[in-house]
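Overview (structure and organization)
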Amino acid sequence: MGTDGSGNKIFVVPEQKGFFLVVEANKGGSPYDIGTVVFNWDPNDPTVRPDLQVQPSRDLGTGISAGSPAVCDLGPPPTPIGGVPHVGPPPSFAFTQAISNVLNDFGCRFKVHVNTLDACTGDGAGGFFFANSASRAQFCVAIDTSLAFPSGDTLITAQVLDAPLGAPPGTGSPGLPNTIVIRAP
C-alpha cells in the first residue's frame, strides 16, 4: 500500500480481476441516515442518480466490452455483459447524462450490506465485519472479467448521499468524495 502524489491510498492487486471493491459509509453531519439505493436511472434525466456514486478514471472490462456505454448491461445472454466507462480525470459529479449513466452502470453491480451479519468482508474464520466499526453501510462488488481493471493505476472515486425522509433516492446531500488507486499488473 502507500499513497500517490495526491495522498490517495494505493491498493495493489495481484490480478486485474478476482477481488472485491468495497465502499463503506458512516453517518456524517447530516441528521439523515445513509442512502442505500445503488441504481436509480432515467436515460433522459441526468439528475436521476443512485445514492452510491462510484466512478473509475479508466474504462473497466475486457475486450470489446471494456467501457461499454450501455447502462447496467449484466446479461443474461444473448445480451453481452459490458464493462463500465471512465469519468475524467479529474473525477466529476457534474449533472451530465454521461456521468449519471456511469454512476448507475457501476452502481447497479454493487450489493448493499447494512449490518455485519451479511458483510462481504470476512475474517477467514467465518466471521464478517465492516472494515471501519463506525460504518453504517457497506457496498461490495466482485471484480470479474466484466469489471477487470486495466494494467497500471486506476483512480476510483466514491461518494454516498444521505437519505432525507420522504425524498426520492439520489437527491440527498453527498458525503465527502474519497479517491483510492487500484494498481493492477
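Below you will find a few notes about this structure. (Residues numbered from 1 in each chain as written. Predicted model: local features only at pLDDT ≥ 70, side-chain atom pairs only at ≥ 80, totals over all residues. Heavy atoms only, no water.)

**Considering the sheet that holds strand β4 (residues 52-56)**
Backbone hydrogen bonds are what pair the strands of a sheet, in a parallel or an antiparallel way. The strand order β1-β9-β7-β4 describes an open sheet built from 4 strands, whose pairing is mixed. Every interior strand has two partners, whereas the edge strands, β1 (9-12) and β4, have only one. In this sheet, neighbouring strand axes are inclined to one another by 25 degrees on average, regardless of whether the strands run parallel or antiparallel. Two strands pair when backbone bridges link them, and β4 and strand β7 (residues 152-160) are joined in this way by 5 bridges, in the antiparallel orientation. For Gln53, the partnering residue across the bridge sits in β7 and is Gln159. Each of β4 and β7 touches helix α1 (residues 97-107); the most contacted strand, β4, lies at about 100 degrees to it. (Pairing = 2+ DSSP bridges. Helix = DSSP H or I, 4+ residues; strand = E, 2+ residues; numbered from the N terminus. Axes fitted to C-alpha atoms, helices over the stretch in contact; angles between N-to-C directions. Contact = heavy atoms within 4.5 Å.)

**Some remarks on unusual backbone geometry**
Its identity is not glycine, yet Cys72 carries a phi of approximately 60 degrees, on the positive side. Counting through the fold element by element, Cys72 comes out in the loop between β4 and α1.

**Some details on empty space enclosed by the protein**
Per the stated rule, a full pass over the model turns up 1 cavity of 30 Å³ or more. Estimated volume of the largest cavity: approximately 40 Å³. Lining the largest cavity, in full, are Gln55, Pro56, Ser57, Val87, Pro89, Pro91, Leu155 and Thr157. Put simply, the parts of the chain that give the lining of the largest cavity at least two residues each are β4 and β7. The residue makeup of the lining of the largest cavity, split by class, is 5 nonpolar, 3 polar and no charged. (1 Å grid on protein atoms, 1.4 Å probe; cavity = no way out; pocket = protein on both sides within 12 Å on 5 of 7 lines; lining within 4 Å. Points joined across faces, edges and corners; volume = space filled by probe spheres on them. Nonpolar A, V, L, I, M, F, W, Y, C, P; charged D, E, K, R; others polar.)

**Re the layout of surface pockets**
One simple way to see leftover space: roll a probe sized like a water molecule over the atoms. Considering only enclosed or pocket space, the largest pocket measures out at about 970 Å³ in volume. Broken down by secondary-structure element, the contributors of at least two residues to the lining of the largest pocket are β1, β2 (19-25), β3 (33-34), β7 and β9 (178-184). The biggest single contributor to the lining of the largest pocket is β2, with 7 residues. Along the lines of polarity and charge, the residues of the lining of the largest pocket split into 19 nonpolar, 11 polar and 5 charged. Approximately 190 Å³ is the volume attributed to the second largest pocket. In terms of lining residues, the second largest pocket is bounded by Phe20, Leu74, Ile81, Cys108, Arg109, Lys111, Cys140, Val141, Ala142, Asp144, Ser146 and Leu147.

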